[in-house]
Amino acid sequence: DVDIVIEAVPEKMAIKRAVLADLAQVIPESAIVASNTSALSISEMGAALGRPQKMVGLHFFNPASVMKLVEVIPGLDTAQDTVDDVVAFTESLRKLPVVVKECPGFLVNRLLMPYLNEAVLALEEGAAPAGEIDQRMQAWGWPMGPFLLMDMLGLDVCAHVGEYLETEYGERMKGARLFPLLLQAGRLGEKSGAGFFGYGGESDEPVLKMIAELQASGQVKPNPGSFSEERLILPLINEAALCLQEGIASPGDIDLAMIAGSGMTYQGERMGPLAVADTLGLDVVLERLEQLQARYGERFRPARFLKMKVRAGHLGKKAGRGFHEYSA
């Protein structure tokens, strides 16, 4: 006799499809089924449920008891009534719903994965130790560094989402070589007592050994002392521009979602990636992405929409308009 069911089983489509098929046998036709998936297709789940008009994504952020943001993701066949009801339900929980067009990773996780993966690529190369990278990104404006965040989320969850995004987006989301090694070693983060960092009696020595072996085998080219905050931030900004290009969400909702979902700030202000780009200057962002592309490869290729903005003179705050508009 329920009105809404929220599914939160592991991030494997086969498991979700089985659960949804079982649910369809025991809930009323009027019931809404919402998935808490961080990345998988709502449209595919709707087909598995057999009543796609009642299937919707409802992605809470971790820890759900604290975080305000909830992404609401309609599938191809989700009814508008279903979306409206879920938005009202989310607001009744005193949460902040942001409606996002369906795409792999939706909005916040799609933007975060290039940022997190680039941190691991930098670590593999010896650009800087994990602790230093965390300290520098925290000083830049994040509530915690990328490695502590991944250890908290669970490295198995990060790896599964990363693998899925790589299959959907290709080379620019190609996962770092360190992820499968950490999983094989059972280093899943805080929950297992060891991830990038060690907890309790554990240390990070096994991780340092993995990195040394990757470099010695020639799988990773050493690049010591080369870490820069921009190497992590610019792919995130570029992915936000790609989301705009694809109509995934509005500029205001993209920035709001990143502030509410990740605690992102810049220069002491709560600021999302598009506002950060406007502050830096879109021409500066484009130039530095092109420099990183020349050095590290195609994952830094600037979004076509970013290039269009620069060519049109929409350079950010200094021009009065960029991704956002600014009054004189």
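To be clear, the structure that these remarks concern was listed above.
Residues numbered from 1 in each chain as written. Predicted model: local features only at pLDDT ≥ 70, side-chain atom pairs only at ≥ 80, totals over all residues. Heavy atoms only, no water.

Considering the layout of surface pockets
Argument step 1. Counted as a void, the largest pocket has a volume near 770 Å³.
Argument step 2. Taken together, the elements giving at least two residues each to the lining of the largest pocket come down to strand S3 (55-60), helix H4 (108-124), helix H6 (146-153), helix H7 (155-169) and helix H11 (251-262).
Argument step 3. Ranked by residue count, the leading element in the lining of the largest pocket is H7, at 5 residues.
Argument step 4. Taken as a whole, the second largest pocket holds about 400 Å³ of empty space.
Argument step 5. Lining the second largest pocket we find 19 residues, and of these Leu 121, Glu 171, Arg 177, Tyr 296 and Arg 299 sit closest to its centre.
Argument step 6. Breaking the lining of the second largest pocket down by element, the ones donating at least two residues are H4 and helix H13 (282-296).
Argument step 7. Top contributing element to the lining of the second largest pocket by residue count: H4, with 3 residues.
Argument step 8. Its residues placed into classes, the lining of the second largest pocket shows 5 nonpolar, 4 polar and 10 charged. (1 Å grid on protein atoms, 1.4 Å probe; cavity = no way out; pocket = protein on both sides within 12 Å on 5 of 7 lines; lining within 4 Å. Points joined across faces, edges and corners; volume = space filled by probe spheres on them. Helix = DSSP H or I, 4+ residues; strand = E, 2+ residues; numbered from the N terminus. Nonpolar A, V, L, I, M, F, W, Y, C, P; charged D, E, K, R; others polar.)

Considering the side chain of Gln 293
Argument step 1. Mapped onto the elements, Gln 293 comes out in helix H13.
Argument step 2. Every residue in contact with Gln 293, bar those within four places of it in the chain, is listed here: Glu 298, Phe 300, Arg 301 and Pro 302. (Contact = heavy atoms within 4.5 Å.)

What to know about the packing of helix H12 (residues 273-280) against H13
Argument step 1. Running from amino to carboxyl end, H12 crosses H13 at an angle of 100°, the nearest separation of the two axes being 5 Å. The pairing of H12 with H13 is recorded here as roughly perpendicular in orientation. Along its contact with H12, which presents Ala 277, Asp 278 and Leu 280, the element H13 presents Leu 282, Val 284 and Val 285.
Argument step 2. Along the lines of polarity and charge, the residues of the contact of H12 with H13 split into 5 nonpolar, no polar and 1 charged. (Axes fitted to C-alpha atoms, helices over the stretch in contact; angles between N-to-C directions. Parallel < 35°, antiparallel > 145°, perpendicular 65-115°, else oblique.)

Overview of empty space enclosed by the protein
Rolled over the atoms, a probe with the dimensions of a water molecule shows which regions are left empty.
Argument step 1. Under the counting rule described, the total for this entry stands at 2 cavities of 30 Å³ or more.
Argument step 2. Approximately 130 Å³ is the volume found for the largest cavity.
Argument step 3. Secondary-structure elements contributing two or more residues to the lining of the largest cavity are H4, H7 and helix H10 (229-245).
Argument step 4. The greatest single-element share of the lining of the largest cavity, amounting to 5 residues, is contributed by H4.
Argument step 5. Its residues assigned to classes, the lining of the largest cavity shows 7 nonpolar, 4 polar and 4 charged.
Argument step 6. Its volume calculated, the second largest cavity comes out at about 40 Å³.
Argument step 7. Lining the second largest cavity, in full, are Ile 42, Ser 43, Gly 46, Pro 52, Met 55, Gly 75, Leu 76, Asp 77 and Thr 78.

Looking at the environment of His 59
Argument step 1. Mapped onto the elements of the fold, His 59 is located in strand S3.
Argument step 2. Take His 59: its relative accessible area is 5%, and that puts it in the buried class.
Argument step 3. In the structure, His 59 is positioned 47 residues away from Phe 106 in sequence and 9.2 Å away in space, judged by C-alpha atoms.
Argument step 4. Beyond its immediate stretch of four places on either side in the chain, His 59 contacts Ser 35, Asn 36, Thr 37, Ser 38, Leu 69, Val 70, Glu 71, Ile 73 and Asn 109. (Buried < 20%, exposed > 50% of the residue type's maximum accessible area, 1.4 Å probe, protein only.)

Considering the pattern of salt bridges
Argument step 1. Scanning the model with the defined rule gives 17 salt bridges in all.
Argument step 2. With a closest N to O distance of 2.7 Å, Arg 301 and Glu 298 form a salt bridge. (Salt bridge = Lys/Arg side-chain N within 4 Å of Asp/Glu carboxyl O.)

Brief notes about unusual backbone geometry
Argument step 1. Of note, the phi angle at Phe 106 is positive, near 55°, even though the residue is not glycine.
Argument step 2. Structurally, Phe 106 can be placed in the loop between strand S5 (96-99) and H4.
Argument step 3. Under the relative-accessibility criterion, Phe 106 is labelled buried at 0%.

A look at the sheet that holds strand S4 (residues 69-74)
Argument step 1. Taking strand neighbours across the sheet as the criterion, the 5 strands line up as S1-S2-S3-S4-S5 in an open arrangement whose pairing is mixed. The open sheet has two free edges, formed respectively by strand S1 (4-7) and S5, since each of these has just one partner strand. Geometrically, the sheet is characterised by an average inter-axis angle of 30° between neighbouring strands, direction not taken into account.
Argument step 2. Pairing analysis gives 3 bridges linking strand S2 (residues 32-35) to S3, with the strands arranged parallel. When the sheet's bridge partners are listed, Ser 35 is paired in S3 with Gly 57.
Argument step 3. In this fold helix H2 (residues 42-49) packs onto S1, S2, S3 and S4, with an angle of close to 130° to the strand it touches most, S3. (Pairing = 2+ DSSP bridges.)

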